[in-house]
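Chain residues, written in single-letter form:
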Amino acid sequence: MTETFRHSGEYPQQQSSAPVHHGGTQGGYAHGAYPPPPAHAPEVPQAPGPRRRRAKGPVALLAAVAIAAAAVGGGTAFAVQTLTDRDGGSSATSTDVVPTSKRGTVAGVAEAVSPSIVEISATTGQGKSTGSGVITKSDGEIITNNHVVAGASAIKVRTNDGKTYDAEVVGTDSKKDLALIQLKDASGLKPATLGNSDNVKVGDEVVAIGSPEGLTGTVTSGIVSALDRDVTVATGEGQEQQQDPQGGWPFEFDGRQFNGDTGSSKTTYKALQTDASLNPGNSGGALIDMNGNIIGINSAMYSPSSSGQGTGQSASSGSVGLGFAIPVDTVKDDLGKLRAGSKS
């Protein structure tokens, strides 16, 4: 796991039904004017009747404008519905969050998404642990890892603008290592856009934002290194007691333990692997695509400080480019249960 532990101290167009006014010409003379009678009856050629034209008058023009307005209006409504956090609800549609001029850049992603990432400080019987979280509603609903807040007696959250709030746990799912918390007396926050992790491919560029070692709003970047990695983490309250102070939270992968012992109560989930730098404190933060959509919740990283054995013998520590994130589709599937207050 990746938080630090510090002991206490677009619609179809419709055809207009408006009446069509027709005009026309006859024999080359203006409508309503007739030539003088000839001296003898001329030979009358067989010619087609006068061509009927659609008037370009006000009624037709208004009809065309109405159709165009319907099309544009429909598209605008779609855009607003996609981008606006209605009724404080979460935005869960994959879209372009980053402005066009900055799309595809780390700086553009950081500027657009950083206001939606928070730092979480949880007080437990063993001291304090620091993690990160992602704002999912403008009133302060936040998704994070369960292991960030497990067993917490008090939770403090600091937003990107420096404001601090008290928070309480709404729901937990230890089997997926997810938790939902709610800030007290918060409003007007910027919710993140939850994307679609099924669209993620190996090699896609990504950005990670979190609070490693309490450094709020830290931004790193990299690629998606692998998909569907089986990552095993500890579950349940009291797991904070098993944290390696130097290497973050313990986890297992491919039958090996990292950052310490996960204990006997554990769960395994499919994770995205990334080489974006993750460090203790990044747990619960965001893994983001280059359009600014959240594609995962960072949850674990390998720290060489434990030498893969949980002994903490190595002098080196920090990220070595082996980080893991819970796919955002897993998060979206779980939100309803968490919002209902389920605690498991």
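The text that follows walks through the structure, step by step, so that each part is easy to find. Predicted, not measured: the structure shown is a model, and the values here were computed from it.

Counting 32 residues, the largest nonpolar core has Val113, Val134, Ile143, Phe251 and Ile294 as its most contacted members. It is helix 4 (residues 328-339) that contributes the most residues to this core, four residues altogether. Residues in contact with valine 113, not counting those within four places in the same chain, are Ile209, Ile288, Gly292 and Ile294. Counting residues in each nonpolar core, the second largest holds 15 residues, with Ile120, Ile135, Ile181 and Ala186 among its members.

With that settled, consider the environment of serine 129. Counting through the fold element by element, serine 129 comes out in strand 5 (residues 127-135). Assessed through its relative accessible area of 3%, serine 129 is described here as buried. For the pair serine 129 and glycine 281, spaced 152 residues apart in sequence, the C-alpha separation works out to 8.1 Å. In this structure the side chain of serine 129 is engaged in a polar contact, spanning 3.5 Å, whose partner is the backbone oxygen of valine 148.

A separate point is the pairing of strand 10 (residues 205-210). Burial analysis of strand 10 places five of its six residues in the buried class, which makes it a mostly covered element. When strand 10 meets strand 11 (residues 218-234), the two strands line up antiparallel, connected through six bridges. Its bridge partner lying in strand 11, alanine 208 is registered against threonine 220. One ladder, built from three bridges, connects strand 10 with strand 15 (residues 286-288); its direction is antiparallel. Residue valine 207 lies in a different strand from strand 15, and its bridge partner there is isoleucine 288.

Conventions and cut-offs
Residues numbered from 1 in each chain as written. Predicted model: local features only at pLDDT ≥ 70, side-chain atom pairs only at ≥ 80, totals over all residues. Heavy atoms only, no water. Core = buried A, V, L, I, M, F, W, Y, C linked by side-chain atoms within 4.5 Å. Buried < 20%, exposed > 50% of the residue type's maximum accessible area, 1.4 Å probe, protein only. Helix = DSSP H or I, 4+ residues; strand = E, 2+ residues; numbered from the N terminus. Contact = heavy atoms within 4.5 Å. Polar contact = N/O pair within 3.5 Å; in protein donor to acceptor, adjacent residues only side chain to side chain. Pairing = 2+ DSSP bridges.

As far as function goes, none of this settles anything; it's purely spatial.
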